[in-house]
Amino acid sequence: MEDRNDLSNADSSDSELDDALRATELQLRALHARRARILAATEERQSHQNDGHRTMSAYLRATCNTSTATAKRDHTLAKLINAHGAVGDALEAGRISIDHAHQIARIHTNPRIREILDTVIDSLLTMAEHLSHGDFCIHIGSLIALADQDGAFRDQQRSVANRRAWADDMSGFLYLSATGVRPDHRRPDHCRLRDLHRR
């Protein structure tokens, strides 16, 4: 039986196809906003743990049969909309695209600058509504660069945070081993410790 809602046939005009695409895009944006709110409520209640899932990403992978990248992306959007309902409202109303919302989420996922969203969220939503995705990406990138002056040191911070050291007695010899880089040093710590042992 032919689907009367299928506008991809030869009888559809170009304008009908265009109208149908625009209508489905608005529906898709609204669905993403509602889905994000559902995910946020699920996380608040920790109901994803009912089936033994320790993280929301694991829950999404199992429930929606999605990839890890998509699960994290959806979870990120849910956390943004939970913290800033105006983003969800704009997305559900179709005023901004899903990709524009994810660009705003780049700020929210950065713990060093996420608090600035309380001040600039209205301006960002206005920009998202009127700028192309490419131009909006540039503005978001510039804002992050200005607000996160220490961002250039995140690799160093990660290295320092992940420093590990071990000491073992091996047949009467003290064996020291460590990984990570000191914040004021380019040399690996294991080299410094080995030199200390030699002295």
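Remember, predicted model here, so these are calculated numbers, not experimental data. Position numbers for residues start from 1 in each chain and track the written sequence from start to end. Predicted model: local features are reported for residues with pLDDT of at least 70 only, side-chain atom pairs are reported and counted for 80 or more only, and whole-chain, interface and lining totals are derived from all residues. In computing side-chain values, all of the structure's heavy atoms are included and hydrogens and water are not.

A. Examining the overall build of the protein chain more closely. A run of H or I in DSSP counts as a helix once it spans at least four residues, and a run of E counts as a strand once it spans at least two, with each numbered from the N terminus. Across its full length, the protein chain carries 9 helices and 2 strands. Seen in sequence order, the protein chain has helices and strands lined up from the N terminus as α-α-α-α-α-α-α-α-β-β-α. Each residue's exposure class comes from its accessible area (1.4 Å probe, protein chains only) as a fraction of the maximum for that residue type: buried when under 20%, exposed when over 50%, partly exposed otherwise. Residue burial in the protein chain is summarised as follows: out of 199 residues, 28% are buried. For this analysis, residues touch if any pair of their heavy atoms sits within 4.5 Å. Partitioning the contacts of the protein chain with sequence separation of at least 6, the portion at a separation of at least 24 is 48%.

B. Main features of helix α1 (residues 14-45). An ideal rise of 1.5 Å per residue puts 46 Å on 32 residues; α1 measures up with 47 Å between its terminal C-alpha atoms. Along α1, the residues that are buried comprise R29, A30, A33, A36, L39, A40 and T42. Phi turns positive one or two residues past the end of α1, at Q46, with a value near 60°. Residue count minus one, scaled by 1.5 Å, sets the expected span of a helix.

C. Region of interest: the confidence of the model for the protein chain. Taken residue by residue, the protein chain gives an average pLDDT of 82. The fraction at 70 or more is 70%. Confidence of the predictor at the level of single residues is given by pLDDT, which spans 0 to 100. Segment residues 182-199 is flagged for pLDDT under 50; beyond a separation of four residues in sequence, or across chains, it makes 20 contacts in the model.

D. Quick look at the packing of helix α5 (residues 98-108) against helix α6 (residues 117-130). Orientation of α5 relative to α6, taken along the N-to-C sense of each, is 160°, at an axis distance of 11 Å. When the interaxial angle is binned, α5 and α6 end up roughly antiparallel. The crossing of α5 and α6 is right-handed. Taking contact as the criterion, the partners of H100, I104, I107 and H108 in α5 are, on α6, L117, I121, L124, L125 and A128. Convention adopted: a line fitted to C-alpha atoms gives each axis, helices being fitted over their contacting stretch, and angles between N-to-C directions are expressed from 0 to 180 degrees. Should an angle fall under 35 degrees it is called roughly parallel, over 145 degrees roughly antiparallel, and 65 to 115 degrees roughly perpendicular, with every other angle called oblique. Definitions for this section: a left-handed crossing has its near helix turned counterclockwise from the far helix by less than a right angle. A right-handed crossing has that turn clockwise.

E. Summary view of the side chain of H108. Its place among the elements puts H108 in helix α5. Not counting the four nearest positions on each side in its chain, H108 is found in contact with K79, L80, A83, H84, R114 and L117.

F. Spotlight on helix α4 (residues 85-92). Residues V87, G88, A90 and L91 constitute the buried set of α4. Projected down its long axis, α4 shows its buried positions confined to an angular sector of 165°, all on one face. Just beyond α4, the residue with positive phi is G94, at close to 85°. Taken from the helix axis, the directions to the C-beta atoms give the arc we talk about.

G. Quick peek at the environment of E25. Among the structural elements, E25 can be located in helix α1. Residues E25 and G94 lie 69 residues apart in sequence; the distance between their C-alpha atoms is 8.1 Å.

H. View of the side chain of H102. Mapping H102 onto the fold places it in helix α5. Overall, the relative accessible area of 11% leaves H102 in the buried class. N or O atoms within 3.5 Å of each other form a polar contact, as long as, within protein, one can give a hydrogen and the other can take it, and as long as residues adjacent in sequence are counted only when both atoms are side-chain atoms. Of the polar contacts made by the side chain of H102, one reaches the side chain of R73; its length is 3.4 Å. With near-sequence residues (within four places) excluded, H102 lies in contact with R73 and L77.

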